[in-house]
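# Results of the structural survey
What follows is each chain in one-letter form.
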Amino acid sequence: MLFFSICAFAQQVEINGIVTTESDGMPLPGANVLIKGTSRGTTTDFDGKYTIKVSRGEEIEFSYVGLESLTFLIENQTVLNVALKDDVASLNEVIVIGYGTQKKADLTSAIATINPEELHSTPAAQLVQGFQGKVAGVQISSIGSPGETPQVRIRGTNSLSGDSSPLYVVDGMFYSSIDFLNSNEIENVTILKDASASAIYGVRASNGVILITTKGGRFNKKAEVTFSSYYGMQSAQNVLKMANAEQFVTFAQESGSASEISSVNQAIERFGRSRVNPNIPNVNTDWYDEVLRVASIENYDLQINGGSESISYALGGNFFLQDGILDMKNSYERFNLRAKVDAKATDWLNVGGNVLFSNAVKYDDEASAWQLTYFAVPILPVYDYNFTEASPSPYSDAREIGYRDSQNPFPLLDNSDKRGERRRTTANFYADFKILKDRLSFKTTLSYNYLGTNERIMLLPYYITDDYQRSIDNSTITRTNSVVENYIFDNVLTYTNTFGEHDLTVMAGTSFRDDYWRYFRGSGNFDPGSAFLRNNEKTWYIQNTSEDSRTSFDNGTQYYGMSYFGRVQYKFNDKYLAYATFRSEGSNKYENTYVNLPAFGLGWEISKESFMKDISFINYLKLRAGWGKLANNAVAASIPISASTISTVFNDTYYNGFQFSTVADDVDWEYTEELNVGLSANLFDNRLSLEADYFIKDTKNLVIDINPLVGTEVSSQNAGSVRNRGIELAATWNGKISKNISYNISGNFSTIDNQITGLAGQPYINTGTAEARQRLIVGEAINSFYGYEIEGVYQNEAEIAADPNVQAIIAEGTAINPGYFKYKDLNNDGTIDASDRKVIGSPVPTYYFGGNIGINYKAFELNMAFYGQGGNVILNTNRMEVIRTQGRNIDAELAVNRWHGEGTTNEFPSSEGYRNLWNQKLSEFFLQDGDFFRIQNIQLAYTLREEKLPEMRFTLTADRPLLWTKGYNGFNPEVGFDGRDSQTYPTPSVYTFGVTVKF
């Protein structure tokens, strides 16, 4: 035995070399160098160098993610330099799917992936922000407030009363938000877009699924330490131009309003006359300039990973801090710690687990400040030093110059403190049993999530005058505490076999989940005789409020679910694909406890047929189709007939009693059935890759409001339906100009046709508000705007007299003057009334697109990403607020383009007309084109690789630097999926410098 051992040792040789990329010849650090069929191996160092001992006759496999693997038989070599090609087609890339993996070439569903490296260029608190524009069929509406989670839709909106956001699955655990993750922790991202792919996840997957695997270590790898950081500044983009003092005074004088003209004169008396124009006050406040600021953003990240022959590990920590661009106590900070370990316990058992702790603190913005800023008149200063006894600051008051409201936003900004803390702990542990090697395995996984939220909202006291203050007994505190706990216990058995021309994978499993939620809120007004002090947070507790002002609210739910599921993946002759899944899921949420969700898919790799061999420019071509059924459990559970307390007086006697509802909600699962047909192709030596999909997604059993035949109480029932259908295209081209210069161009384009298809026989259902009506109408998009079509603006009295449609209205006493809107008589009944309204626009974009252009030169990289959408309209609710009260500022576009004489405009009303009810009906005037194109991100990077230095990468990034709109008058056309612009927090442009160092 000793002889044979000595001989075996004598046959071993030491191989060394350098691994590079064929495209640019650059060294490739972190490439895997493994002895095939064993667990022995190593990884390349920062210069792409490796050394490994191997016996003659063994094979070494070189591999790296995104590159084609190479295998070499060892004979007499001692030096082996390897250049790995770009795996442009990536057909052998393994994609994470539900409860397993699958080769990209074998997919029959609409599944997309995002390269985690692409996410690093987006400096943002929310990982999802980096998804925008990356994937066809995925629409993201961003919000600028620090720490705020963007809204996400995959292939449209499927529900009216339930959440339409996708399910996030992180290392096997279900989440409704991934606000606790940062891009440096991500190994891969897979998006299951169609029902045939996502049905395996059951009732939580009706809106699509985003699968995320966090980074782990690698076996047989020396420890690698990576530190990365960026620091930058944020500024508001496309700041809305409001009327300046001169424009505002002109608008007020032309209105003919005695009260507004009087306010201008009072402002002159109080603040003096302008030296430039003595007809206006000596004040010209740009309120947006006052409330906005340049704010910092910074991120620090440390990752350590590696492994031995039997254990791999990954440790990480991250700190993120972002100040808001709203000039108040407004920020978000998050601290994460993460650990992940995988171990080969035996030849037949692998075990592992990961734990993540995240603590986030957010100081929320004062949401109403944006509208207050919009309406604040420019002839009012921020501070009025006539208020000598003011505390903490002498804020100005528009009521002092005759206006109804104080208008100044700073009393709210300076005297609000909205602190929220979110502590999350997630854990995942698994054991993977190899029952039959490479054939049969059993994996059991336990996942846990805990989220504790504590919020404290303080409205602090201030004093200007006796009529302009928030006294201590009107200052309030509101505290909320909530706890979310989730458990998921999965058990999955997987069988894989290949026999002849048949490849078969069969999976069966069970899943139990427990979702627990508790919520408590308490509030009160501070007692002037208590220990409360404005500047001492230690006194900011409900115990210092007066007892008679205290209120509380308590709520909670606990839902259980049990599921049985299975999947069959079959491939014949390496080109004919079949796929089927089934999930039976039960929940205690609805009366109909169990729901069965089937799905299937077919694929045909046409490029492997003999008749395709002579078509040289087609390297790969596959047709695929899938169908699946989904159910949505995001709809609230049924509400039974209930009683509420009421009080009344009979015969001068006061009575307490109960009032019973006359209807009960009858709510069950909403169902979605989706058909997807697609094509995947790689052309021209795999330089061009294409993905094309067409889908039809029908949601049935849609929960809608049902108006009663008798009475006024509205009930919710599963009686409606909605359809989303569209086309998705994605293409990537990779090219090389010379040895040192390469480039890539990618783009995606999506259409969406959203239509209500059933309302249980009802002609429509009203949504929106009475002033700005939206409706659900069969054949129209969800929440379509319903109002008047404008034919122009009356230019003179003769034109009014010649219009027969307004004569009856004028006869009834309604004044219509030149500068008023001319509405279209749609039903030709000779008058203008509510019957002349129609659908005048949809908040749902009909198309959206994104892409990236990148160029590499030696160690330099330059990338530019873009994003846009169109086909929708946006309701300018700020302009409509004139309905509620006049004496407010207007935007500069309206001030400049107002009608102020015959022929001046045929689109805008006069100043006097703008304040008249005739022109305040919801019409096309208040809707603006939602089309936009944005330069999403520009990044210049340089990677330094020197023999005696750690690898270093330096980046300069401009995120969202430029925006073009077609006709939108506001900060950010991404106003949310309801299409109503009520001055949401603007998304800032961000400019950062970053560095990454690998040791």
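About the criteria used
- Residues numbered from 1 in each chain as written.
- Predicted model: local features only at pLDDT ≥ 70, side-chain atom pairs only at ≥ 80, totals over all residues.
- Heavy atoms only, no water.
- Helix = DSSP H or I, 4+ residues; strand = E, 2+ residues; numbered from the N terminus.
- Rg over C-alpha atoms; globule rule 2.2 N^0.38 Å.
- Buried < 20%, exposed > 50% of the residue type's maximum accessible area, 1.4 Å probe, protein only.
- Contact = heavy atoms within 4.5 Å.
- Areas by Shrake-Rupley, 256 points an atom, 1.4 Å probe, with all protein chains shown as cover.
- Lys, Arg positive; Asp, Glu negative; His and termini not counted.
- Charge placed at Lys NZ, Arg CZ, Asp CG, Glu CD.
- Phe/Tyr/Trp six-rings, centres within 6.5 Å; stacked < 30°, edge-to-face > 60°.
- Lys NZ or Arg CZ within 6 Å of the ring centre and 35° of its normal.
- Domains from an automatic or database assignment.
- Salt bridge = Lys/Arg side-chain N within 4 Å of Asp/Glu carboxyl O.
- Axes fitted to C-alpha atoms, helices over the stretch in contact; angles between N-to-C directions.
- Left-handed = near helix turned anticlockwise from the far one by under 90°.
- Nonpolar A, V, L, I, M, F, W, Y, C, P; charged D, E, K, R; others polar.
- Pairing = 2+ DSSP bridges.
- Patch = residues over 30% accessible without salt bridge, like charges linked within 9 Å, V, L, I, M, F, W, Y side chains within 5 Å.
- Core = buried A, V, L, I, M, F, W, Y, C linked by side-chain atoms within 4.5 Å.

Below, the discussion takes up the overall build of the protein. For the protein, the count of helices and strands is 13 helices and 52 strands. A globule of 999 residues ought to have a C-alpha radius of gyration of about 30 Å, and the protein, at 32 Å, matches this closely. Expressed as lengths along the three principal axes of its C-alpha atoms, the size of the protein is roughly 110 × 65 × 65 Å. Put simply, the protein has 999 residues, and 52% of those count as buried. Partitioning the intrachain contacts of the protein with sequence separation of at least 6 by distance along the chain shows that 69% fall at a separation of at least 24. Element-wise, carbon and sulfur atoms account for 53% of the exposed surface of the protein, whose accessible area totals about 43,500 Å². For the protein, the distance from the average position of its 86 positive side-chain charges to the average position of its 117 negative side-chain charges is 6 Å.

What follows is about the packing of aromatic side chains. On inspection of all chains with the given rule, the structure shows 40 aromatic pairs. When the ring of Tyr 50 is compared with that of Phe 62, the centres are 5.4 Å apart and the planes differ by 70°; the resulting orientation is edge-to-face. One end of the pair, Tyr 50, is in strand E4 (residues 49–55); the other, Phe 62, is in strand E5 (residues 59–64), with twelve residues separating them in the sequence. Through successive ring pairs, a cluster of aromatic residues spans Tyr 788, Phe 821, Tyr 823, Phe 908, Trp 918, Phe 925 and Phe 926. Residue placement shows Lys 629 over the ring face of Tyr 671; its charged tip is 4.6 Å from the ring centre.

With that settled, consider the domain arrangement of the protein. The domain architecture assigned to the protein consists of domain 1 (12–87) and domain 2 (298–654). Taking only C-alpha atoms, the centre of domain 1 and the centre of domain 2 are 43 Å apart.

Turning next to the pattern of salt bridges. In this structure the tally under the stated criterion is 49 salt bridges. Salt-bridge contacts for Arg 888 lead to Glu 881; the nearest nitrogen and oxygen are separated by 4.0 Å. The two residues Arg 888 and Glu 881 agree in class, both being buried. Each of Asp 106, Lys 571, Asp 574, Glu 605 and Lys 608 takes part in salt bridges that share partners, so that together they form one network.

Attention now moves to the packing of helix H4 (residues 245–255) against helix H5 (residues 258–271). Between H4 and H5, the least distance of the axes is 7 Å, while the angle of their chain directions is 140°. Remark: the crossing between H4 and H5 carries left-handed chirality. Residue-level contacts link Phe 248, Val 249, Ala 252, Gln 253 and Ser 255 of H4 to Glu 260, Ile 261 and Val 264 of H5. For the contact of H4 with H5, a count of residues per class yields five nonpolar, two polar and one charged.

Turning next to the sheet that holds strand E44 (residues 838–841). Sheet architecture is open: four strands sit in the order E39-E40-E41-E44, paired in antiparallel fashion. Edge strands, defined here as strands with exactly one partner in the open sheet, are strand E39 (765–768) and E44. Strand-to-strand twist across the sheet, computed as the mean angle between neighbouring axes with direction ignored, equals 50°.

Take the sheet that holds strand E14 (residues 173–175) next. Pairing is mixed in the open sheet, where five strands are placed in the order E10-E15-E16-E13-E14. Two strands in the sheet have a free side with no partner beyond their single neighbour: strand E10 (111–114) and E14. Each neighbouring strand pair of the sheet contributes to a mean axis angle of 25°, computed without reference to strand direction. Strand direction decides the pairing type here: E10 and strand E15 (residues 186–192), joined by four bridges, are antiparallel. In the strand pairing of E15, Ile 114 is matched with Val 189.

A grouping of Phe 227, Tyr 231, Met 233, Val 294, Tyr 300, Leu 302 and Phe 999 is seen on the molecular surface, where their side chains present a nonpolar patch of about 630 Å² in accessible area. Secondary-structure elements contributing two or more residues to the nonpolar patch are strand E17 (221–235) and strand E18 (295–307). Among the elements that make up the nonpolar patch, the one with the highest residue count is E17 (three residues). Counting through the fold element by element, Tyr 300 comes out in strand E18.

Right, let's get into the nonpolar core. Counting residues in hydrophobic clusters, the biggest one holds 74 residues, and the most contacted among them are Tyr 288, Leu 326, Ile 379, Ile 816, Leu 875, Ile 890 and Trp 918. Looking at this core, the element that brings in the most residues is H4, giving five residues. Leaving out residues up to four positions away in the same chain, Ile 379 has contacts with Ala 245, Phe 248, Val 249, Ser 263, Val 264, Ala 267, Phe 271, Pro 281, Val 283, Ile 401 and Tyr 403. Membership of the second largest hydrophobic core comes to 43 residues, among which are Leu 127, Val 135, Ile 186 and Leu 356.

This part covers the environment of Gly 98. Along the chain, Gly 98 falls in the loop between strand E8 (94–97) and strand E9 (100–103). Look at Gly 98 and you get buried, because its relative accessible area is 0%. For the pair Gly 98 and Asp 490, spaced 392 residues apart in sequence, the C-alpha separation works out to 12 Å.

The next subject is the pairing of E17. Look at any regular strand and the pattern is simple: side chains alternate between the two faces of the sheet. Both E17 and E18 contribute to a ladder of twelve bridges, which runs antiparallel. The residue of E18 that forms the bridge with Met 233 is Ser 296. Pairing between E17 and strand E52 (residues 989–998): ten bridges, direction antiparallel. Its bridge partner being in E52, Ser 235 is matched across the sheet by Ser 989.

Residues Asp 473, Asp 527, Glu 547 and Asp 548 make up a contiguous surface patch of negative charge. Judged by relative accessible area, Glu 547 falls into the exposed class, the value being 68%.

To continue, consider unusual backbone geometry. Peptide bonds are mostly trans, and most non-glycine residues show a negative phi. With omega at 5°, the peptide bond leading from Ser 391 into Pro 392 counts as cis. Although it is not a glycine, Asp 574 sits at a positive phi angle of roughly 60°. Structurally, Asp 574 is set in the loop between strand E28 (551–572) and strand E29 (576–587). Residue Asp 574 is classed as partly exposed on the basis of its relative accessible area of 35%.

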